[in-house]
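Topology and contacts: notes
Residues per chain, in single letters:
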Amino acid sequence: MKAVVMAGGFGTRLRPITERLPKPMAYVANRPMMEHVVRLLKRAGILDLEVLLYFYPDKITSYFGDGSPWGVRIHYIGAESDYGTAGSVKNAEPRIDGTFLVISADIITDFDLSRAIEFHREREAAATIVLTRVPNPIQYGIVITEDDGRIARFLEKPSWGEVFSDTVNTGIYILEPEVLSLIPHGKNFDFSKNVFPEMLSRGDRLLGYIAEGYWKDVGNLDEYLNVHLDILSGKVGIEFEGKKAGSGNVWIGENSRVDFTSDLQNVVIGRDCVVGAGVTAENVVLGDGCVVEDGAVLQSSVVWPRTTIHKGVRLLENIIGSDCVIRGRAFLAERAVISDHCQIGTEAVVKANVKVWPHKVVEDGAVLSSSLVWGEKWARSLFSAYGIYGLANHEITPEFAAKVGAAFAATFGKKVVLSTSRDSHKTSRMINRAIMTGMLSVGVDVHDYGVTPLPVVRYLARSHREEKGGVHTRKSPFDPSFVDLKFFDDSGLNLPLGMERNIELLFFREDFVRADTEETGEISFPVGGFDTYVDGFLKAINVRVVKERGFNIVLDHSYGSTALLFPRILGRLGVETVALNANLDAARITKTEEEFQKGLSHLTAISRSLSADFGVMIDTGGEKIFLVDEKGDILPDWTALQVFCLLSCRRKRSGKVGVPVTASRNVEKIAARFGMDVIRTRTLPRSLMETAASEGVTFVGDDSGGYVFPSFQPAFDGMFAIVRLMEMLAGENRSLSDVLREVPPTVMLKKKIPCAWEHKGALMRMLADHAKGKPSQFVDGVKIFHGEDWALIYPSQDEAYFHLCVESEDRREAGEIAAGYVDLFSTWARTL
């Protein structure tokens, strides 16, 4: 049996230690990662290896040769381009004449591959994917299998709400030769994205084998260090060179000398090393030819060959490359990474998470603080479900923002136009300017709209053909220490996942091409943007109907930028407005929950005292609204959504409405009255806006104050939602409370269930198993029906808890259902 070994990895996220090295050649426990894979294949009886090369191929061929030192036969296959996983394996087709195994050269595992092969042959599978269970499956491709091993579903890079299993694709496949016929020659093609979904749709024998043992995709520097800690703690069944010495789990290589006064625990020492007197080392790997002088302290660190560590040095969770010198009493803080051929001076300090690239010198006594202090935190993903956000001036710094701006702009190429905009805060202005400089540096022109509501710049992206997208910078509405970056494309929608991945790739590779002097982009400050928005706005509204009704409202601008624009629109519509908080106040655009509720109470009191038709608070960004009826009663967001649905359905009487899985069952009842269909979406803003852009959709809303009317734009727009509400109320000559009385009574109960991050995947799997045989939905999380009542449990995207939503006609019944799931989660959690 042959194995096809994919060894073309760049190792982008292991930089700088892989700056001039293919990822499979990065040392793990003093051997290249690929050598561990070769030894694994040899143990499974697979001796013929087809090794696929691409990046720095000579580094691999010169080390492994023909494979004879390891008892295997290696044949190398080069590639002219990156063809993806399946496209690369296609190049080996002329040398494949039977069942074969595909494996990546940059994983660490101790799986018994012979058992997986036996499973494949016994079940007569066309393809078997080797799976494993992991605590945090969100960063991998999830595979859901039936009880007999047949694959039921793939989820590539899922959100937490889609994690219905903790079994993930390990990138190890056992295939029959006919599978190669599904792969086009010379094209970028992927097993998990292309080949396996095609096999699933054809009904081929596609199986999943859940392997026992250790597996780690060494995807970034944190995981590179963590895999060493796992190896040193005995979690991985791999071989060490040298002899075991003493009782502290210490392995010492040939010709190495260790002073008897050293204190070593869980240490692997390579060949020809010297460890001096009084050295303390715990959870450490030293490469061949290293020298550690007297009194040095090394903790949880990996040191590559031929590096010298002088007296009194302290290392704490570090990765040190080859041929480095760390001089006396230097200190390297947590997760600092030093690449090859660097010198760190006497008593120098390298701060936490700093990366030092090859051939650098840090002078004696210097304190090195990198501008990319937080880079590794984002090594898996820059983008969250809500854009990019982080601590202002610590995580999102001007340097970081310029680099993100350059990466975003570089995805489009030179001489296109992108827009920038912001809120009124001074930090947003600083970050916005940094983003612009990054865009200009790669030859992209910038339209800067300055302080402008987000719905307006989304609309302008759709209206201005030359703009290919944009980014809006704002202070977080939830946390005064954070900044949000909102990216959108030329349709005004959040970026597709594929584009986010491309931006991340450019960001982490840092290899986007800067423009020549005469090709640097230009900044312009377009005038008339507000006029364009207002004109389109009024064309989408029945102005006469709103004017004739003569609305009187109380409007809280929340100190946001809608105060610059919305009064003009309301004036054109003849709306009498009592405006609250209508000045730009950068210090007050973030609200705590207490401040938000206090603001609503204030709005209620004023609306009631002035006998207003209704009161409304619009959020700082201009996207979401919160309503008070003419009686001064606050409409809960989930109730307001039903009101909007009712009015919209009665107005349109055909088409579809879109709501998240968390919305009330009343939405279906309301839509059915008017012959309309309901689309249930995930809770993420991207999902709702993509639904709004779909054909036949007339209204989309969430249950947190966001409403979309696609006939104007398929994005959240609080200003348009307010005026559309007035138009619909005027058309029916009714008040808000009149419409509210038509909404069927129901009880919605929401809770948060705490959960450790590492248990999320396992709990989602248990929840999916619990739902089997019960009426259920798997749109976002797991929704289980109890007659007409239901409970939805879905994981938070960025916090350590699950959301629990319950709907029932009876509050007591809702409480009992909720309590049952809280108890169930507590029981499951105790088993983990």
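Predicted model only: the values in this text are computed from it and were never measured.

When you tally the buried positions in helix 9 (residues 454-463), you get eight out of 10 residues, the bulk of the element. Taken residue by residue, helix 9 has Leu 454, Pro 455, Val 456, Val 457, Arg 458, Tyr 459, Leu 460 and Ala 461 as its buried positions.

Let us look at the sheet that holds strand 40 (residues 576-580). Pairing within the open sheet is mixed, and its four strands lie in the order 40-39-41-42. The sheet is open, and its two borders are formed by strand 40 and strand 42 (625-628), each paired with just one other strand. Across the sheet, the mean angle separating the axes of adjacent strands is 20 degrees when strand polarity is ignored. Note: strand 39 (residues 552-556) against strand 41 (residues 614-618), four bridges, orientation parallel. Looking at the pairing, Ile 553 lines up with Phe 614 of strand 41. Here helix 18 (residues 718-732) sits on the sheet and contacts strand 39, strand 41 and strand 42; the angle it forms with strand 41, its principal contact strand, is near 165 degrees.

With that settled, consider the packing of aromatic side chains. As enumerated under the stated definition, the model contains 33 aromatic pairs in all. With centroids separated by 5.4 Å and ring planes inclined at 50 degrees, the aromatic side chains of Phe 240 and Trp 251 adopt a geometry described as tilted. A residue pair is termed long-range when its members are at least 10 positions apart, and Phe 240 in the loop between helix 6 (221-232) and strand 14 (243-245) and Trp 251 in strand 15 (residues 250-252) qualify at 11 residues. According to the relative accessible area criterion, Phe 240 is buried, its value standing at 19%. Judged by its relative accessible area of 21%, Trp 251 falls in the partly exposed class. Between Phe 644 and Phe 699, the ring centres sit 6.2 Å apart and the planes meet at 5 degrees, which makes this aromatic pair stacked. Remark: Phe 699 occurs in strand 45 (residues 697-701) and Phe 644 occurs in helix 15 (residues 637-652); sequence separation between them is 55 residues. Among the aromatic residues, ring-to-ring pairing joins Tyr 459, Tyr 533, Phe 537, Phe 644, Phe 699, Tyr 707, Phe 709, Phe 712 and Phe 720 into one connected group. Just above the ring of Tyr 56 sits the side chain of Lys 59; from NZ or CZ to the centre is 5.9 Å.

Here the focus is helix 16 (residues 666-673). Taken together, the buried positions of helix 16 are Asn 666, Val 667, Ile 670 and Ala 671. Around the axis of helix 16, the buried residues are gathered within 135 degrees of arc, so they sit on the same side. Contacts from the buried residues of helix 16 go to helix 15, strand 43 (656-660), strand 44 (677-681) and strand 51 (801-808). The first or second residue beyond helix 16 is Gly 675, which carries a positive phi of 70 degrees.

This next bit is on the nonpolar core. Soluble globular proteins: nonpolar side chains tend toward being buried together. Residues Leu 41, Leu 49, Leu 101, Ile 103, Leu 113 and Tyr 224 are the most contacted members of the largest nonpolar core, which totals 93 residues. If we skip the residues at most four places from it in the chain, Leu 101 touches Met 1, Lys 2, Ala 3, Val 4, Leu 41, Ile 46, Leu 113, Ile 117, Ile 172, Tyr 173 and Ile 174. Among the nonpolar cores identified, the runner-up in size contains 64 residues, and Tyr 449, Leu 460, Ile 625 and Met 726 belong to it.

About the thresholds
- Residues numbered from 1 in each chain as written.
- Predicted model: local features only at pLDDT ≥ 70, side-chain atom pairs only at ≥ 80, totals over all residues.
- Heavy atoms only, no water.
- Buried < 20%, exposed > 50% of the residue type's maximum accessible area, 1.4 Å probe, protein only.
- Helix = DSSP H or I, 4+ residues; strand = E, 2+ residues; numbered from the N terminus.
- Pairing = 2+ DSSP bridges.
- Axes fitted to C-alpha atoms, helices over the stretch in contact; angles between N-to-C directions.
- Contact = heavy atoms within 4.5 Å.
- Phe/Tyr/Trp six-rings, centres within 6.5 Å; stacked < 30°, edge-to-face > 60°.
- Lys NZ or Arg CZ within 6 Å of the ring centre and 35° of its normal.
- Arc of directions from axis to C-beta.
- Core = buried A, V, L, I, M, F, W, Y, C linked by side-chain atoms within 4.5 Å.

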